[in-house]
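Residues per chain are reported as follows:
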Amino acid sequence: MARPSMAAQRKEEILDSLQQCILSYGIQATSLENIADKAGMKRTILRHYIGNRDDIICALSTRFRSLYTQQWQQLLSWLPSNNKVEALLDSLFGVGNQEHIERTIIGEAIFSEAKRLEGVKQDQKSIMDEFIEIVSDLLKAQYPDAEGNKISLVAHGIYASYLLAESFLPLHAVDQIYQLKATAKLLCTTLE
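Residues numbered from 1 in each chain as written. Predicted model: local features only at pLDDT ≥ 70, side-chain atom pairs only at ≥ 80, totals over all residues. Heavy atoms only, no water.

**Side note on the packing of aromatic side chains**
Counted only if it meets this: Aromatic rings from Phe, Tyr and Trp, with only the six-membered ring used for Trp, were paired whenever their centres fell within 6.5 Å, and each pair was classed as stacked if the ring planes differed by under 30 degrees, edge-to-face if by over 60, and tilted otherwise. A run of H or I in DSSP counts as a helix once it spans at least four residues, and a run of E counts as a strand once it spans at least two, with each numbered from the N terminus. For every residue, the accessible area obtained with a 1.4 Å probe (protein chains only) is divided by the maximum for its type, and the residue is called buried under 20%, exposed over 50%, and partly exposed between those limits.
A complete count under the given rule lists 5 aromatic pairs for this structure. Their ring planes at 70 degrees and their centres at 6.2 Å tell us that Phe64 and Tyr68 sit as a pair that is edge-to-face. One end of the pair is Phe64 and the other is Tyr68, both in helix α4 (residues 53-78) and 4 residues apart, which spans about a single turn. By relative accessible area, which is 5% here, Phe64 ends up buried. For Tyr68, a relative accessible area of 22% translates into the label partly exposed.

**Section: the state of the cysteines**
Heads up, the condition is: To count as a disulfide, a pair of cysteine sulfur atoms needs to be within 2.5 Å.
Taken as a whole, this structure holds 0 disulfides when the rule is applied. Cys58 forms no disulfide, and the closest cysteine sulfur to it belongs to Cys21, at a distance of 17 Å.

**What to know about the pattern of salt bridges**
Basically, it comes down to this: Salt bridges are counted wherever a side-chain nitrogen of Lys or Arg sits within 4 Å of a carboxyl oxygen of Asp or Glu.
Enumeration over the complete set of coordinates arrives at 12 salt bridges. Among the salt bridges present, the one from Asp123 reaches Arg65, with a minimum N-O distance of 2.3 Å. Of the two residues, Asp123 is situated in helix α7 (residues 118-142) and Arg65 in helix α4; the sequence distance between them amounts to 58 residues. A relative accessible area of 4% places Asp123 in the buried class.

**As for the environment of Gln9**
The line we're drawing: Two N or O atoms form a polar contact when they lie within 3.5 Å of each other; inside protein one atom must be a possible hydrogen donor and the other a possible acceptor, and for residues adjacent in sequence the pair counts only when both atoms belong to side chains.
You can see Gln9 is positioned in helix α1 (residues 7-25). On the basis of relative accessible area, Gln9 is assigned to the partly exposed category, the value being 42%. It is 9.8 Å that separates the C-alpha atoms of Gln9 and Tyr49, two residues lying 40 residues apart in sequence. A distance of 2.9 Å separates polar atoms of two side chains, one belonging to Gln9 and the other to Glu13.

**Brief notes about the packing of α4 against α7**
Condition: Lines fitted to the C-alpha atoms define the axes, with helices restricted to the stretch that makes contact. Angles between their N-to-C directions range from 0 to 180 degrees. We call two directions roughly parallel when the angle between them is under 35 degrees, roughly antiparallel when it is over 145, roughly perpendicular when it lies between 65 and 115, and oblique otherwise. Whether two residues are in contact is decided by their heavy atoms: any pair within 4.5 Å suffices. Classes in brief: Ala, Val, Leu, Ile, Met, Phe, Trp, Tyr, Cys and Pro nonpolar; Asp, Glu, Lys and Arg charged; the others, Gly included, polar.
The interhelical angle for the contact between α4 and α7, taken along N-to-C directions, is 10 degrees, at an axis separation of 8 Å. The orientation of α4 with respect to α7, classified from their angle, is roughly parallel. Counted together, Ile57, Cys58, Ser61, Thr62, Arg65, Tyr68, Thr69, Trp72 and Leu76 of α4 and Gly119, Val120, Asp123, Gln124, Ser126, Ile127, Glu130, Phe131, Ile134, Val135 and Leu138 of α7 form the full contact between these two elements. Grouping the constituent residues of the contact of α4 with α7 by class yields 11 nonpolar, 6 polar and 3 charged.

**Regarding the side chain of Glu166**
Inclusion rule: Working convention for charge: Lys and Arg count positive, Asp and Glu count negative, and His plus the chain ends are omitted.
With respect to the secondary-structure elements, Glu166 resides in helix α8 (residues 148-168). It turns out Glu166 is buried and unbridged, and the closest side chain with the opposite charge, Arg103, is 6.9 Å from it. One polar contact links Glu166 to Thr104, side chain to side chain, over a distance of 2.9 Å. Excluding residues that lie within four positions of it along the chain, Glu166 makes contacts with Leu92, His100, Thr104 and Glu108.

**Considerations on α4**
Our working rule: Multiplying 1.5 Å by the helix residue count minus one yields the expected span of that helix.
With 26 residues, α4 extends 37 Å between its outermost C-alpha atoms, agreeing within 8% with the 38 Å of an ideal straight helix rising 1.5 Å per residue. Among the residues making up α4, those that are buried are Arg53, Ile56, Ile57, Cys58, Ala59, Leu60, Ser61, Arg63, Phe64, Trp72 and Leu75. On the buried face of α4, the contacting elements are α1, α2 (32-39), α3 (43-49), α5 (84-92), α6 (98-111) and α7. Between the side-chain oxygen at the start of α4 and the backbone nitrogen of Asp54 there is a gap of 3.0 Å, and the oxygen is on Asn52.

**Points about the nonpolar core**
How we decide: Residues enter a nonpolar core if they are buried and are Ala, Val, Leu, Ile, Met, Phe, Trp, Tyr or Cys, with the set joined through side-chain atoms within 4.5 Å.
Formed by 33 residues in total, the largest nonpolar core has its most connected members in Phe93, Phe131, Leu139 and Ile158. Those elements giving two or more residues to this core turn out to be α4, α5, α7, α8 and α9 (174-189). At 8 residues, the largest contribution of residues to this core is made by α8. Setting aside residues up to four positions removed in sequence, Phe93 forms contacts with Ile158, Ser161, Tyr162, Ala165, Ile177, Tyr178, Leu180, Lys181 and Ala184. Core analysis: the second largest hydrophobic core is formed by 25 residues, Leu32, Ala36, Met41 and Leu60 among them.

Just geometry here; none of it tells us what the structure is for.
Take a look at the structure:
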């Protein structure tokens, strides 16, 4: 009888280790040896299951893209039937817990590699497009008389405010996050 493949499990362990390394050393200082040490594996195992350092970063980027899609699905199912946009903004501009802060640090580290790695760039574009599309759809439903171009501009403004708010999370800059939430709400009033 053949042994079950360990590929999926090993890949997840490697990606978990990369995340830990990013939190400990930053993405620039993370090496294959750091990742292998955290994973309790040899570098050759990393290369066997995923590839080189850039391949591992791209795999983590793809994992994050999937995570964002899952989070959107959960959030959309949670939104109330009325005032969806306000509930969405309340959710997007929350202060978060330590896990959220760590996920933000890792996400920003991955984003910093988009200029260098095409796979990361494509994942980031996909994340942005999904965000804009979902927010635009919610805005269209709540403001049916608003012009499509204005809805798109407001969705982009909310995305920009969200990204900035996320960057404030590790700094515990709560007042700035709430100001950005107020900015997003003010943007929505232009659609009335």
